[in-house]
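# Residue-level structure breakdown
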Amino acid sequence: MTSATLGALQEALLGWYARHCRQLPWRQTQDPYAIWVAEVMLQQTQVSTVIPYYERFLRQFPSVAALAAAPLEAVLKAWEGLGYYARARHLHRAAQVLVREHGGRLPQTREALLRLPGIGKYTAGAIASIAFGLDEPVLDGNVTRVLARLFAVQGDIRHAQTQQHLWDLARALVPPGAGRPFQPGPDGSGRHPLPAEAAAVLSLPSPGALPGRAQGAPESLPRRARRKPLPHHEAAAAVVWQDGRVLLHRRAPTGLLGGLWDFPSGLLAAGESPAAGAVRAVREQLGMAVRVQHHLATVQHGYTHFRLTLHAFACVPSRTSRHRARTWCGWRRRT
């Protein structure tokens, strides 16, 4: 790619953003902490959903120090309903690292940002460029699609070699000294503002200036290998009632839904019935014997890497169950 083509593409993309950018709350600040919170919330979540969470979160935790000093339970409560709770745990843990090792401030280099919990290559590049004006690239799904179509990237975009090539292209596109305006953060659709149709290519001096135009059919890119079918798991949960209260269990601090409260539950063993699995889950997780009253519901749910069928059962403590301190929550049971 010639310098003239590169400059024309950079100018076209910056012009596209100037015409189409939305006024969003995180675009009204240069506070690195607020930008970091926004970038983390916007991972896997649409802008319209994030805005009220972002504003409430900053009111409750207005600084790195405030977030680090807060109990994890309060942070998870503020995150409730936003999903992907590992993001909240990583934010909280990273804030504590920042207070302990960086004086409560985010470091101003991509390399140092990458060492913080929960910050990957995209988020590090976004913070470095938006908050600190560094000439760092970002690469998400939308940027990948645009670059693959502009430059006729033929490889499987999940392969490491293709990913590195895309990162190199993204870095080449960042104009020197223009890191902040060139990486303004996700747009109203929850994606990076580079246009998926690569309409900015129309502004280039020659239709054949980029491989994607010269080779034709850019809409067929990027290429992805066919995904393997997602595994399917069966699980059971016990909703244990006693004296108008329901029994809750806190999950392990790491792993899926780590640190959250739920009904005692677990995957079924080979050949195990759902009802037996619910009884076993209570016994293993809380040391309590229960008996099943009746089936409540069967729920289907899809996660990123697997699909789940969960069978829920209404249960009551067995008369032979030993007393032990447990978490009971007041709950009006429907009749």
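Residues numbered from 1 in each chain as written. Predicted model: local features only at pLDDT ≥ 70, side-chain atom pairs only at ≥ 80, totals over all residues. Heavy atoms only, no water.

Relative to the helices and strands, His249 resides in strand 2 (residues 245-250). Look at His249 and you get buried, because its relative accessible area is 14%. Of the polar contacts made by the side chain of His249, one reaches the side chain of Gln285; its length is 3.4 Å. (Helix = DSSP H or I, 4+ residues; strand = E, 2+ residues; numbered from the N terminus. Buried < 20%, exposed > 50% of the residue type's maximum accessible area, 1.4 Å probe, protein only. Polar contact = N/O pair within 3.5 Å; in protein donor to acceptor, adjacent residues only side chain to side chain.)

Across the protein chain, pLDDT averages 83, with 82% of residues at or above 70. Low pLDDT, under 50, characterises residues 184-207; the predicted model gives this stretch 64 contacts beyond four residues in sequence or across chains. (pLDDT = per-residue confidence, 0-100. Contact = heavy atoms within 4.5 Å.)

Let's shift gears to the pairing of strand 2. Inspection of the sheet shows strand 1 (residues 232-242) paired to strand 2 by two bridges, in the antiparallel sense. Paired with Trp241 across the two strands is Val246, which belongs to strand 2. With antiparallel pairing between neighbouring strands as the criterion, strand 1 and strand 2 make up a hairpin whose turn holds two residues, including Asp243 at a positive phi of roughly 50 degrees. (Pairing = 2+ DSSP bridges.)

Glancing now at the layout of surface pockets. Leftover empty space is mapped by rolling, across the atoms, a probe with the size of a water molecule. Reported here for the largest pocket is a volume of approximately 760 Å³. Along the wall of the largest pocket there are 27 residues; nearest its centre are Arg251, Leu257, Asp262, Ser265 and Leu310. Those elements that provide at least two residues to the lining of the largest pocket are strand 1, strand 2, strand 3 (261-262), strand 4 (265-267), strand 5 (290-302) and strand 6 (307-317). (1 Å grid on protein atoms, 1.4 Å probe; cavity = no way out; pocket = protein on both sides within 12 Å on 5 of 7 lines; lining within 4 Å. Points joined across faces, edges and corners; volume = space filled by probe spheres on them.)

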